[in-house]
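Fold and contact review
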Amino acid sequence: EDTLDRMRRYGVPPDANSYSQCIISWSKVGGKSSVERAHKLFRQLSDSGLTPNADSYNALLNCWNRSGASSSASQNVRLLLDEMDEQYQLVGDDDAVPNLTTINTALTVLSKDKTLRSMKYAAELFVRAQDTYGIELDTISYNLMIKKYSEMGDVAKPVELLDTMERQFRAT
């Protein structure tokens, strides 16, 4: 926040990337208080008339990933992704389209939450990433989902995903 204030004092208006860099700094600190500070910066970005972009969302998602609070992190990730999706789908803002970093960070957070609700959301996100956003998922994406299904006691879905992943990467 001090950095953004200094920028303004020197006549340099912060942009979305300026805010994103400050949010990234807070994500490196980790913990609940850093998430609160990062979230405050994210809201200031929007309140200042700027539009968050994928980097802004990814920075905040990464804060939640490093927060250590699995249940609240999972819930906040879902809210952020819904907001991002709305900005992309309804407003038509291509700068807010989720990318592979968005998906993998979200899946990482969701994999830490051992609830069925989190599992369902992760599965929906996995499909939406490919079908809606056209993202070619990587081995990290597949491994996170395989792990999540395995932890939930599903033995068939991890095998299916492994087969799909092998076909996908053999073809490339």
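The rules behind each value
- Residues numbered from 1 in each chain as written.
- Predicted model: local features only at pLDDT ≥ 70, side-chain atom pairs only at ≥ 80, totals over all residues.
- Heavy atoms only, no water.
- Helix = DSSP H or I, 4+ residues; strand = E, 2+ residues; numbered from the N terminus.
- Rg over C-alpha atoms; globule rule 2.2 N^0.38 Å.
- Buried < 20%, exposed > 50% of the residue type's maximum accessible area, 1.4 Å probe, protein only.
- Phe/Tyr/Trp six-rings, centres within 6.5 Å; stacked < 30°, edge-to-face > 60°.
- Salt bridge = Lys/Arg side-chain N within 4 Å of Asp/Glu carboxyl O.
- Expected span 1.5 Å × (residues − 1).
- Polar contact = N/O pair within 3.5 Å; in protein donor to acceptor, adjacent residues only side chain to side chain.
- Core = buried A, V, L, I, M, F, W, Y, C linked by side-chain atoms within 4.5 Å.
- Contact = heavy atoms within 4.5 Å.

Let us now look at the overall build of the protein. Helix and strand counts for the protein stand at nine helices and zero strands. Starting at the N terminus and walking to the C terminus, you meet the elements of the protein as α-α-α-α-α-α-α-α-α. Computed over the C-alpha atoms, the radius of gyration of the protein is 17 Å, within 12% of the 16 Å expected from 2.2 N^0.38 for a compact globule of 172 residues. Principal-axis analysis of the C-alpha atoms gives the protein an extent of 60 × 30 × 25 Å. Considering the protein as a whole, with its 172 residues, one finds that 44% of them fall into the buried category.

Take the packing of aromatic side chains next. Taken as a whole and judged by the stated rule, the model has four aromatic pairs. Grouped by ring-pair contacts, the aromatic residues Phe126, Tyr142 and Phe169 constitute a single cluster.

Time to look at the pattern of salt bridges. In the structure shown here, the tally under the stated rule is five salt bridges. Across the pair Arg8 and Asp5 runs a salt bridge, and its minimum N-O distance is 2.9 Å. Within this pair, Arg8 and its partner Asp5 are both found in helix α1 (residues 2–9), separated by three residues, close to a single helical turn. Looking at Arg8, the relative accessible area reads 40%, which means it is partly exposed. In the salt-bridge network here, residues are joined through shared partners; they are Lys114, Lys147 and Glu151.

The next point concerns helix α8 (residues 139–151). Here α8 spans 18 Å end to end across 13 residues, near enough to the 18 Å set by a 1.5 Å rise per residue. Among the residues of α8, those classed as buried are Ser141, Tyr142, Leu144, Met145, Ile146, Lys148 and Tyr149. For α8, the N-terminal cap is Asp138; the gap from its side-chain oxygen to the backbone nitrogen of Ile140 is 3.2 Å. Following α8 by one or two positions, Gly153 has its phi on the positive side, about 90°.

Our next topic: the nonpolar core. In terms of nonpolar packing, the biggest core is built from 46 residues, with Ile23, Leu60, Leu81, Leu107 and Met145 touching the most fellow members. With near-sequence residues (within four places) excluded, Ile23 lies in contact with Ala38, Leu41, Phe42, Ala59, Leu60 and Cys63.

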